[in-house]
Amino acid sequence: MKALVYINTNHFAAKASFEAVTYAKKLGGEVTVVAYGNAAGAEALGAYGANKVLVESSINEADNQQITRLVASAVEATGAEVVIFSHDLVAKAVAPRLSVRLKAGLISGAIALPETGNGFTCKVNVFSGKAFGNVAVKTAVKIISLLPNSIQPENVGGTAIVETFNGNMGAVAIKVMDTKKPEGSIPLPEADLVVSAGRGLKGPENWGIVEDLANVLGAATACSRPVADIGWRPHHEHVGQTGVAIRPNLYIAAGISGAIQHLAGVNGSKVIVVINSDSEAPFFKAADYGIVGDAFEVLPKLTEALKNFKNAN
Amino acid sequence: MNILVCISKSPDTTSKIAFTDGNTKFDENGVQYIVNPYDEWYALVRALELKETIGGNVTIITVGNAADESIIRKALAIGADNAVRIDAEPTDAFFVATQIADYAKKNNFDLVLTGKETINYNGSQVAGMVAEFLDVPFASQASKLDVNGTTLTLEQEIVGGLQIVEVSTPAVVSCAKGMAEQRIPNMRGIMAARTKPLEVIAPSAVEVYTSFESYSLPDAKKACRMIDPSNMAELVDLLHNEAKVI
Ligand SMILES: Cc1cc2nc3c(=O)[nH]c(=O)nc-3n(C[C@H](O)[C@H](O)[C@H](O)COP(=O)(O)OP(=O)(O)OC[C@H]3O[C@@H](n4cnc5c(N)ncnc54)[C@H](O)[C@@H]3O)c2cc1C
Ligand SMILES: Nc1ncnc2c1ncn2[C@@H]1O[C@H](COP(=O)(O)O)[C@@H](O)[C@H]1O
């Protein structure tokens, strides 16, 4: 199937973009990428199977209405049968708009390649990761918004042709007044490794041992909801049903009980390590590796062991 | 300001998730439904706060069956002025968005508010679809919303940060944490809700775009492997050689 992949500005080297292009490649047809802004580095997506990258470079900031028009123009230009997004905040605004505009069914939060033997169905996460659904799409053009970390990017070699593209984006309707990006830190939804802590850490002054571990690992930091609510940690670190949902390869949780609403945001993690002083903590039921112990002793020891490992490798 | 708030139901977060009819239907046995938290805590309460400061009207709309009237009454008890129920099973987001957009087109709203997602299907689809049907701007996952005449000032999450943006009404906004504080309905609100207008409307016909064919549950997790707290080198070794995540 001919596929079109939308990639965010400056995300040509992001893992989530490699995943989306790999996914498109596996659909078996020609793969075109569409983006706007600076085209630098776009050809690198060829390594994951993109044949061509169309870049609308007359614009550097766009709202979801404009991006919808851009992707719709690219679908028309390429005759794509499937449109792929990585399921991030941009996709959550653009993909539904595009569904209406193109009269194309949307699969939101896909976690696997589609089954095409009998119709077109795709597996998605439902009930905050507590179950899966199998969604059938009945329209000619299909839109898939792929959850990050659902498939492994595959470098198949090659470079893509980069072309400028007129996206007919129209006027901007959302005026950006100010942008705030936390500096230095790894954005939680994109992180492969996450170290998280909860009320068991007793107070914000104790987060040094959490950050030390995160630094050695190159991990992002996260926290449980009460910790963000009482202001020990910033709100954007709050994971769970009412916070950010993440699916890293490794989630290390210290001093978090593992309430169902917390699990809802982290149960997509590939491997979960739980450190808790209470052997009855519910989190152990969802863990792959468990340590019953005092986080104040275990975290520094783990940091130490990782340093030794990094030095030896 | 004339505000439409989209309200959906979701199973109470502690509900057991199970399926019946050969895994094609959610098992509602013993399930307690609540108003989807994002719709109730953030979208509805912020709409009421805006009405209280600048005046106007707050209408709630839900696409659902007669059984869903309990969540409508709850929203009315919290303070909405009137309610609309589109009398149909909410089969997919496209169906729901079509119904909401059809109603909104006929009734001239300055602002349509939704939650950021439903906690059962986690689709984040309905709001963007409604915005496209109405051909208006869509501010998604807003954590703050202020109104000055026809200008909305919002704080919204973006990939890797936050943005302050301005949009003109009419617009659609999906609401996330930070927008408002949960309100508990009081006795007077509960009494008043009984007599507030609830209009029931037949659905428009919609082509089926997507459908849930079946469901499944994750494989049971294998037992957690316990590691001695004094032996973190073993954990590191397992993470490297067995789990292959570092
Ligand atoms: C509608 C709703 C939505 C919610 N959404 C979320 C959400 O999105 N995210 C979220 O996280 N929560 C959410 N919650 C709250 C959730 O139910 C729990 O209350 C919360 O996750 C508990 O946080 P905690 O584990 O940090 O704290 P606690 O439950 O207090 O647990 C602290 C843990 O630390 C352990 N501990 C104590 N001392 C030590 C030590 N020295 N070393 C090691 N371990 C120690 C204890 O044994 C305990 O298990 C929600 C609740 C509701 C009702
Ligand atoms: N059946 C429904 N009736 C009214 N509004 C709904 C319905 N389903 C979803 N919504 C609204 O759309 C938002 C996003 O839902 P979803 O796209 O399913 O994640 C919800 O938070 C509600 O505000």
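Scroll up to find the structure this text is about.
Calculation notes
Residues numbered from 1 in each chain as written. Chains lettered and ligands numbered in written order. Predicted model: local features only at pLDDT ≥ 70, side-chain atom pairs only at ≥ 80, totals over all residues. Heavy atoms only, no water. Helix = DSSP H or I, 4+ residues; strand = E, 2+ residues; numbered from the N terminus. Rg over C-alpha atoms; globule rule 2.2 N^0.38 Å. Buried < 20%, exposed > 50% of the residue type's maximum accessible area, 1.4 Å probe, protein only. Contact = heavy atoms within 4.5 Å. Buried area = accessible area lost by both parts, 1.4 Å probe. Salt bridge = Lys/Arg side-chain N within 4 Å of Asp/Glu carboxyl O. Polar contact = N/O pair within 3.5 Å; in protein donor to acceptor, adjacent residues only side chain to side chain. Pairing = 2+ DSSP bridges. Arc of directions from axis to C-beta.

Engineer: Got a minute to help me understand the overall build of chain A in this structure?
Structural biologist: Looking only at helices and strands, chain A has seven helices and 15 strands in total. A compact globule built from 313 residues should have a C-alpha radius of gyration of about 20 Å, and chain A, at 21 Å, falls within 12% of that. Seen through its C-alpha atoms, chain A measures out along the principal axes to roughly 60 × 45 × 40 Å. Taken across its 313 residues, chain A has 60% of its residues classed as buried.

Engineer: What exactly am I supposed to notice about the interface of chain B and chain A here?
Structural biologist: Where interface size is given, it is often the accessible area lost as the parts come together that is meant. With 73 residues of chain B at the contact, the number on the chain A side is 84 residues. For the pairing of chain B and chain A, the buried interface totals around 6,600 Å² over both sides, and the portion due to carbon and sulfur atoms is 61%. If you sort the residues of chain B by the area they bury against chain A, B:Glu132, B:Val159 and B:Tyr209 come out on top, with a joint share of 11%. Counting the contacts that link chain B with chain A gives five salt bridges. In this structure, the salt-bridge partner of B:Lys177 is A:Asp229, at a minimum N-O distance of 3.5 Å. Between the two partners, chain B and chain A, sit 30 residue pairs in polar contact (both at pLDDT 80 or more). Elements with a minimum of two residues in the side of chain B that touches chain A: helix 1 (37-54), helix 4 (126-134), strand 9 (138-148), strand 10 (151-158), strand 11 (161-168), strand 14 (210-216), strand 15 (225-226) and helix 6 (232-242) of chain B. Counting residues per element, the side of chain B that touches chain A draws most heavily on helix 6 of chain B, which supplies eight residues. The pairing of strand 7 (residues 131-137) of chain A with strand 14 of chain B spans six bridges and is antiparallel. Its bridge partner lying in strand 14 of chain B, A:Val137 is registered against B:Thr210.

Engineer: Help me understand the environment of B:Ala43, please; the structure alone is not making it clear to me.
Structural biologist: Residue and element names in this part refer to chain B. Within the secondary structure, Ala43 sits in helix 1. Residue class for Ala43 comes out buried when judged on its relative accessible area of 0%. As for Ala43 and Ala180, which are separated by 137 residues in sequence, their C-alpha atoms are 8.0 Å apart. When sequence neighbours within four positions are dropped, the list of residues in contact with Ala43 reads Val5, Tyr38, Leu113, Thr114, Gly115 and Cys175.

Engineer: What is the right way to read helix 6 of chain B from this model?
Structural biologist: For an α-helix, 3.6 residues make a turn, and residues three or four places apart therefore share a direction. Along helix 6 of chain B, the positions that sit buried rather than exposed are B:Met232, B:Leu235, B:Val236, B:Leu238 and B:Leu239. The buried residues of helix 6 of chain B all sit within an arc of 160° when viewed along its axis, so they share a single face. Where helix 6 of chain B is buried, its residues meet strand 13 (250-254), strand 14 (271-276), strand 15 (289-292) and helix 7 (295-312) of chain A together with strand 15 of chain B.

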